[in-house]
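Residue-level listing of the chains:
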Amino acid sequence: MKNPTTRVALGGAALAAALLLSACGYEAGAPASSDPTGPASVSSAPEQSQDPQLLQLNETLKDTLGDKYSEAWIADNKLHVAVTDKAAEATVTEAGAVAHLAKYNAAELDAAIGKIMAWQREQGGTVATAIHRYVPSGRNGSITLAVDPSQLETVKKGLAAADVTGGISLVFEESAGPASPAASTN
């Protein structure tokens, strides 16, 4: 039998790696709570390394920019940061990162996900469990929803009719199902 301490340590390391690599700061699974906020992280292409200095720069900029911060990603070994105004763009550039102007900040995108989750719970039945993942994008001013294919049209029409997100665009993709934990090996 494997050492339980080792199993917990490896599981923790896997979770930390997953959090660092999650797109746009996080990917939320099925709505377990009404708080959609996730960990602060940077997305990057699989072939890109996540330089600790760039990750630290992102954290510093996120703290400095506050509600002007939208999203960060690494491309071509450079930190790119989406922000909501020209003064924040200047701050990002002065810090040595590449600035991009965004329409919505991270908090606005998170709030919209919270509204989607609330709407979903109110629907009940199969709609309540139809959205498997929520991925905000400050870059694009959108939220991508991975939805059970059998409920896709119902969710699309329902969210549009209720105007749940205001001006934030929704992108829909078919989902193979909710995320599940890795299989246990004994």
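Structure shown above.
Nothing here was measured: the structure is a model prediction, and the numbers come from that model. (Residues numbered from 1 in each chain as written. Predicted model: local features only at pLDDT ≥ 70, side-chain atom pairs only at ≥ 80, totals over all residues. Heavy atoms only, no water.)

(A) Spatial organisation of the overall build of the chain. In terms of helices and strands, the chain carries five helices and seven strands. Sequence-ordered secondary structure for the chain, helices as α and strands as β, is α-β-α-β-β-α-β-α-β-β-α-β. Buried positions account for 38% of the 186 residues belonging to the chain. In the chain, the share of contacts with a sequence separation of at least 24, taken over all contacts with a separation of at least 6, comes to 55%. (Helix = DSSP H or I, 4+ residues; strand = E, 2+ residues; numbered from the N terminus. Buried < 20%, exposed > 50% of the residue type's maximum accessible area, 1.4 Å probe, protein only. Contact = heavy atoms within 4.5 Å.)

(B) Fine view of the pattern of salt bridges. Tallying each qualifying case throughout the model produces five salt bridges. In this structure, lysine 86 engages glutamate 89 in a salt bridge whose closest nitrogen and oxygen atoms are separated by 3.4 Å. Of this pair, lysine 86 and glutamate 89 both sit in helix H3 (residues 86-94), three residues apart, which is roughly one turn of that helix. When its relative accessible area of 59% is taken as the criterion, lysine 86 is described as exposed. (Salt bridge = Lys/Arg side-chain N within 4 Å of Asp/Glu carboxyl O.)

(C) Region of the structure containing the pairing of strand S2 (residues 69-75). Counting buried residues in S2 gives six out of seven residues, a clear majority hidden from the surface. Bridging between S2 and strand S3 (residues 78-83) involves six bridges; their strand directions are antiparallel. Note on S3: the bridge partner recorded for alanine 72 is valine 81. The loop that links S2 with its antiparallel partner S3 comprises two residues; one of these, aspartate 76, has a positive phi angle of about 55°. (Pairing = 2+ DSSP bridges.)

(D) Local environment of the packing of aromatic side chains. By the definition in use, this model includes zero aromatic pairs. Arginine 139 extends its terminal NZ or CZ atom over the ring of tryptophan 73, reaching a point 4.1 Å from the ring centre. (Phe/Tyr/Trp six-rings, centres within 6.5 Å; stacked < 30°, edge-to-face > 60°. Lys NZ or Arg CZ within 6 Å of the ring centre and 35° of its normal.)

(E) Representation of the pairing of strand S7 (residues 169-174). Judged from the six bridges that link them, strand S6 (residues 142-147) and S7 form a sheet pairing that is parallel. Across the sheet, alanine 146 pairs through a bridge with glutamate 173, a residue of S7. This β-α-β element, S6 to helix H5 (residues 152-162) to S7, shows right-handed connectivity. (Right-handed = clockwise from strand over helix to strand, strands pointing away.)

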